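Secondary and tertiary structure notes
For reference, the chains in residue letters:
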Amino acid sequence: MSTPALYRRAVRRETHSPRSTLAITIAIILALVLAWLGTESVLAAIGQPPLLVAPKDIVTAVLTAATAPAPLLVAIGAVAAIVGLVLIVLSLAPARQGRRGSIADRTAAVVDDRVIAQSLARVASYAGDIDPSQVRVSVGARSARVDVTPTSGRRVDQREIQQAVDAEVASYDYRPALRATVRVSSKGTVA
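Just so it is clear, the structure is predicted and the values come from calculations on it, not from any experiment. Positions within a chain are numbered from 1, following the residues in the order the chain's sequence is written. In keeping with the model being predicted, local features are shown solely for residues with a pLDDT of at least 70 and side-chain atom pairs are shown and tallied solely at 80 or more, while totals for entire chains, interfaces and linings include all residues. Hydrogens are left out, water is left out, and the side-chain values use all remaining heavy atoms of the structure.

Another point: the overall build of the protein chain. By the criteria applied, helices consist of DSSP H or I runs no shorter than four residues and strands consist of E runs no shorter than two, each listed in order from the N terminus. A count of helices and strands for the protein chain gives 6 helices and 5 strands. The rule is simple: take the accessible area with a 1.4 Å probe, protein chains only, and divide by the maximum for that residue type; under 20% is buried, over 50% is exposed, in between is partly exposed. Each of the 191 residues in the protein chain was classed as buried or not, and the buried ones make up 21%. By element, 63% of the accessible surface of the protein chain is carried by carbon and sulfur atoms, the whole surface being about 13400 Å². A 1.4 Å probe and the Shrake-Rupley method give the accessible areas. Residues count as covered only by the protein chains that appear here.

Next up on the list: the nonpolar core. Take the buried residues of types Ala, Val, Leu, Ile, Met, Phe, Trp, Tyr and Cys, join any two whose side-chain atoms come within 4.5 Å, and each joined set is a nonpolar core. The biggest cluster of nonpolar side chains holds 22 residues, and the ones touching the most others in it are L120, V135, V146, V148, I161 and V165. Of all elements in the fold, only α5 (113-128), β3 (135-139), β4 (143-148), α6 (158-171) and β5 (179-184) reach the threshold of two or more residues within this core. Top element by residues in this core is α5. It accounts for 6 residues. The contact definition used throughout considers only heavy atoms, calling two residues in contact when any of these lie within 4.5 Å. Setting aside chain neighbours within four positions, we find V135 in contact with A121, A124, S125, I130, V146, D147 and V148.

Time to look at unusual backbone geometry. Glycine aside, a negative phi is what most residues show, and trans is what most peptide bonds show. Unlike most non-glycine residues, D129 shows phi in positive territory, near 55°. If you trace the backbone, D129 turns up in the loop between α5 and β3. Accessibility expressed as a relative area gives 51% for D129, which makes it exposed.

So, about a nonpolar patch on the surface. On the surface, I26, L30, V79, I82, V83, V86, L87 and L90 cluster together into a nonpolar patch covering about 670 Å² of accessible area. Elements with a minimum of two residues in the nonpolar patch: α2 (20-45) and α4 (70-92). The element best represented in the nonpolar patch is α4, accounting for 6 residues. Here L90 falls in the partly exposed class, since its relative accessible area comes to 42%. The patches reported here contain residues having more than 30% relative accessible area and no salt bridge. Joining distances are 9 Å for like charges and 5 Å for nonpolar side chains (Val, Leu, Ile, Met, Phe, Trp, Tyr). Each salt bridge in this description consists of a side-chain nitrogen of Lys or Arg and a carboxyl oxygen of Asp or Glu lying within 4 Å of one another.

Given below as structure tokens:
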């Protein structure tokens, strides 16, 4: 395997969540249900009373389900469809972690979104000449939102902060790339 392909694979592994937690949870639930069914079957075979429901009663209930009231069947079908749909969406949706990767000729780097947020907050506070505690940054999949709360009685130039933040974001070589938006609050804070 070539080095760039190895780097891409390593960065992808670090920036995306594995599906193992969901798979393990479903496997445990299925194992518990099958163990319960096995226990009920053994108890029925040796003539003991069931723990919850006898296997014969389960089979009878399933076979006579068509005679149940229509609203009950619709409700059961809807719940089953929702559970199935949720499992399909969870299995196909990208499980992105809050990280970004960068690949150069001989290096690969992974940076947490919180580090990027802290860097953008520092740049915004410096460009707006305000305290860093007055800047909040949230980083999403493809966007960063910078919320600035100015000090009461002082004007803040939103365009200047936006240019500084855009220059900082442009200097990053991370994928997926970010687009930053700066919002200045109309309410001020007392410093």
